[in-house]
Each structure stands twice: as C-alpha cells, then as structure tokens.
Amino acid sequence: MELRRYWEILWFNKKALVLVILITIFSAFLISQVVTPVYRSTALVVIKINPQSGLISEMPKEFGTFDYFNKDFVVGTMESFLESEPVVKNIIRDLNLRNNKEELFEVDDFVGQNFSSIAFITKKGVDIENISDSNTFEITGYSSDPEESKNIANSLIESFSQAYYSINKNKARMAQKAIKENISEVKAKLIDAQEQEKDFRIRENIVSVDQQTSTLIGQLAALETSKSTIERTLQEVQSTLNFIKKTFKEYSELYKESEAIMGSSSSLANFKDQLLKLEIELARSSTELLPEHPNVKSIINQIDSVKKNIKEEISKNIDIKTIEYYSALVERYINTEIDAVVSEARLIVLGEQINVLNEKLKDMPRKNVELTRLNVMVTVLRDRYSALLQNLEVVKLAERLDLTNLEIIQPATLSDNIENNLYFPKGKKTTLILSVLAGGLIAFFWAFLLEYMNDTVRCEEEAREAFGKPVLGTVPVFGEKDISMDSLMERKGVASAASSMRSRLPALGSKKALAFVSIGNSDG
C-alpha cells in the first residue's frame, strides 16, 4: 500500500480511532483511581573486593575479604549472596511481609518479580541489579506502603551485612581455635627446652655462653657453604672443558690442532701451576689485606700476566685464520681452563680455612656448644610463643569488630514529593502521556484490523477484482431526499454514469446479466 492508502484507511476509521484512544485514556485513569498504588525506594551499595586496609596495622589482610569466593566470578557470586535465602528470609520475617493469602512470602516469590506481578498481584518485593558488571549494586524495595518499600531495601542491606559479619566471625573463631591449640603445643615445648637448659647449666657448671663459639660455628657454616658452591662450579667448569674437547675431536680437520691445544705442553702446565699458586696467594692475602694494598695489586698484575701467557700458549698452536669460525670455541676453552684453575685455588684456600676453624672448635669446651644449641632452641620457641599470643589477640579483636567490605553509597529514602517514588501507577501527567501513546498504538492496529476484516466493495477496481467482470459505471452516493429521478439527474455524476452504462450495454451481446453493488444495505 502507498502512504495515501494508509491515510485513507485511517481517515475512513477515524471514529473508531478516536473512540479507542478515549476508551484507553478513560480506562487508564479509572485503573489509576481503583488499583492500589505500588511505591519503590532504591539504595546503592559498593562491595569492595580488595582487602581491608588501614583499620588495624596488625590485622591479617585475609580478614574482611572474599577469599572464599572465586575471584573470576565474584560479582555474580555477590549478587547470588544478596539474593540468598538466609539474607532475604530475615527481612521477610523481621518486616512480617505477607502475600495475598496472608502467608509469609517465599524467597523465590519475593525476589526479582516482573512488573505485572508486583503491580497487580503481590504489591511487594525486592530487586537486586548489578550496574554494568561493576562491584556496585542497586537494591530496590517495592510495597504499597512507601515507608515499607524503603525499609525493605535498607533491611536487605542490613541483613546482608549481618550475614557477612557472621562469616567473618566464624572464620575468626576457627582461627582462635587453631591458634590456641598451637599455643599449647609451643608452650609445652618451650617449658621442656627451658628445663633442659637449666639442668645442663647445673650439671656442667656453666654460667654464660661463650660468644666466640657461636661466631666460629657461623663462620664454619658460611665456609662450608662457599666450599660446596665452588665445588659445584668446578664440576660445571670440568664438564664444559670435556664438552669442548669432545667438540674438537669430532672434526677431522681440527684433530691435529685440537691435540695441540689439549696436549700436555710443559709450558702450558707451568703457566697453570703459576696461576694456581698466585690465585692461592691472592685468596690468602685478601683475608688479611685490603684490595688497595701494594702486595695485593702486585699479585693481581702477576695473575693477569700469567693468564695472558696461557692464552698465547694455546693460541700459537692453532691457526685461527684457517678455522676462523672456531675462534670463539678456542676463546671459550682458554677462559674455561683459567676458570678451572681459579676454582681449584679457591677450594684449596677454603679447605685450609675450614681446617683452621675446626681446630679452633676442638679447643672449645663441648658443653659450650651444647649450651648454645639449647639457647637457640629456647629463643626460637619463645619468639614463636610471643607471636602466637599476639595473633590470638588480633583474632579476638577481629571477632568483636564488624568487618565488612560493604559500603552504602546511597541509602533507600523517600522523596519529598511521594509521587516520585510511585512505581505503579505513575503520576497523572505520565499516565496521560502513556495512555495516549498506548491508545494511539491500539487504535492504529484496530483500524488496520477493521480494514483487513472489511470485505465491502467500495470502488470500480475492487468490484472488478471481486467479480472478475467489467464495470459499466459508478453511481455517486446519494441520500433518500435525492431518490426522485429529477433529483438524481440533476446530481453531479449521476447522468454521466447512466450515459456510460447505456453506451457499454450493446457491447455485452444479446444475453446480459447485470449486477449492482453498493456500500450500503438494500441500496442496489
């Protein structure tokens, strides 16, 4: 259809359009006057997922956090927590919220209802909506009593907070139980260690612990650690040397040259012995002299000179230009040989130092060593016992505090103009606008429905389509006052229509059957 045809349909059914719109407006106002209004009040809250901070410096960070929720789904989890039965059931019971059967609401019937259910059936409910997948939630309470709608929203927040407090308190109680058990165990061990120390002092007649023994033990432990480290380093260096030697032997063109490098050259062996002695001397001197001391500097210079000689001794046995792409491997071999000598020298010096300390420790009374061990045990247990007592006090404080990550941005309130809190029906102005829009939409579809159901023939083209026959002419519409022949002939279009039909009749043949149609009953 063209736009003109649409307009003709609407204009033809204009009375029905106006009637439908008026009925819709009247019905809307009648419903608004009869139906019980429903009010709503909304609160905004933020649930902070990050840990508590700034409350108590010693407070463990896990208190007041959602560590028992999956971090990837914490927003959806919190929404489910807000809508959970324990939280919602509390406000239903506390506010005595009843349905049409005067029974307390079920949680599923109270939370997340649709518009029609709240507006026409239950008249009460609560809706929880997460804003844009953030940690902000909008909590809306509905009721026929505006004050009750506000109380529903605020009570849900309070109920959630109490449930969350309960979780934190249960965690604190469990922590208390575990800490107290640990305290009893550590206390028993501490008493036993103190008794052992006391008995040992009396039995061995010891007044104080020799600090030197502890120092020597510490030094010995450090040297042993260093020795183990250098031994591992030397093993790695030897492994690297073996790998390089194996690499050289795998290539026939390098066989003679590699043999020269890895051969037992007397000059190379002398240089390595010199380097070993110098490194040992440097390590011994470093324990007594500063790096700036002339003797230390002289030894370092000698070491550099010997390293240079080793490099030249190895390099002169191979033509690097001939196998230039192996020069890096030769350089690595030289450096590894030097590293092996240096590590060996350090091991010798460390062994000497360890032997010295062991000799010193043998001179120390055995009882001083044992007493030091007992003192360390007592100190460790005492520190652990004090820390547990401190943690116990913190957990007790956490149980008394109302720790929560729920922050109220905007509590549920009522506007000074109570109509602003209306959920259904809306105010008079809004109701009028909505009813006009709804009536217009209904009237529009009603007009086209009437057009679809109307099978009246109203023009030549419709008559031709309906009967499949040619149309002789069309007589204009006239009233009963124009029923006389003179009046009909004087009316515009009637005479021309009669003339047209008369001129077309002969073309139909001798046998004719005429059909007359009209938009009115009995007009034909």
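Residues numbered from 1 in each chain as written. Predicted model: local features only at pLDDT ≥ 70, side-chain atom pairs only at ≥ 80, totals over all residues. Heavy atoms only, no water.

1. Regarding the packing of aromatic side chains
Short version of the rule: Planes of paired rings set the category: under 30 degrees apart is stacked, over 60 is edge-to-face and the rest tilted, where pairs are Phe, Tyr or Trp rings (Trp by its six-membered ring) whose centres lie within 6.5 Å. In this description a helix means any DSSP run of H or I spanning at least four residues, a strand means any run of E spanning at least two, and both kinds are numbered starting from the N terminus.
Across all of its chains, the model carries three aromatic pairs by this definition. Ring geometry for Y142 and Y423: centres 4.7 Å apart, planes at 55°, overall tilted. Here Y423 lies in strand β5 (residues 422-424) and Y142 lies in strand β3 (residues 136-143), a separation of 281 residues in the sequence. Following the ring pairs from residue to residue traces out a cluster consisting of F115, Y142 and Y423.

2. Comments concerning the environment of Y6
As for its position among the elements, Y6 is in helix α1 (residues 3-12). Separated by 442 residues in the primary sequence, Y6 and F448 have C-alpha atoms spaced 8.7 Å apart.

3. A look at the pattern of salt bridges
Basically, it comes down to this: Note on definitions: salt bridges are taken to be side-chain nitrogens of Lys or Arg within 4 Å of carboxyl oxygens of Asp or Glu.
Enumeration over the complete set of coordinates arrives at seven salt bridges. Among the salt bridges present, the one from E337 reaches K272, with a minimum N-O distance of 3.3 Å. Of this pair, E337 sits in helix α12 (residues 327-363) while K272 is found in helix α10 (residues 266-286), placing the two residues 65 residues apart along the sequence.

4. Quick word on helix α6 (residues 115-122)
The criterion, for reference: Only protein chains enter the accessibility calculation, which uses a 1.4 Å probe; a residue whose area is less than 20% of its type maximum is buried, one above 50% is exposed, and one in between is partly exposed. Here a residue-residue contact requires only that any non-hydrogen atoms of the pair lie within 4.5 Å.
Taken together, the buried positions of α6 are S117, I118, A119 and T122. Where α6 is buried, its residues meet β1 (38-47), β3 and β5. Within two residues after α6, K123 carries a phi angle of roughly 65°, on the positive side.

5. Brief notes about the environment of V296
Looking at the element boundaries, V296 is found in helix α11 (residues 294-315). The sequence separation of V296 and S286 amounts to ten residues, and the corresponding C-alpha distance is 7.4 Å. What V296 contacts, discounting residues up to four positions off in sequence, is L282, S285, L289, L290 and P291.

6. A short note on the packing of α10 against α11
Formally: Comment: axis = line fitted to C-alpha atoms, over the contacting stretch for helices; angle = value between 0 and 180 degrees taken between N-to-C directions. Any angle between 65 and 115 degrees counts as roughly perpendicular, while under 35 counts as roughly parallel, over 145 as roughly antiparallel, and the rest as oblique. Each crossing gets its hand from how the near helix is turned against the far one by less than a right angle, where anticlockwise is left-handed and clockwise is right-handed. Any residue outside Ala, Val, Leu, Ile, Met, Phe, Trp, Tyr, Cys, Pro, Asp, Glu, Lys and Arg is labelled polar, Gly included; the first ten of those are nonpolar and the last four are charged.
Taken N-terminus to C-terminus, the directions of α10 and α11 make an angle of 155°; their axes are 9 Å apart at the nearest point. When the axes of α10 and α11 are compared, the pair comes out roughly antiparallel. Handedness of the crossing formed by α10 with α11: left-handed. Seen from α10, the contacting residues are S267, L268, F271, K272, Q274, L275, L278, E279, E281, L282 and S285; seen from α11, they are V296, I299, I300, Q302, I303, V306, K307, N309, I310, E313 and I314. Across the contact of α10 with α11, the residue classes break down as twelve nonpolar, five polar and five charged.

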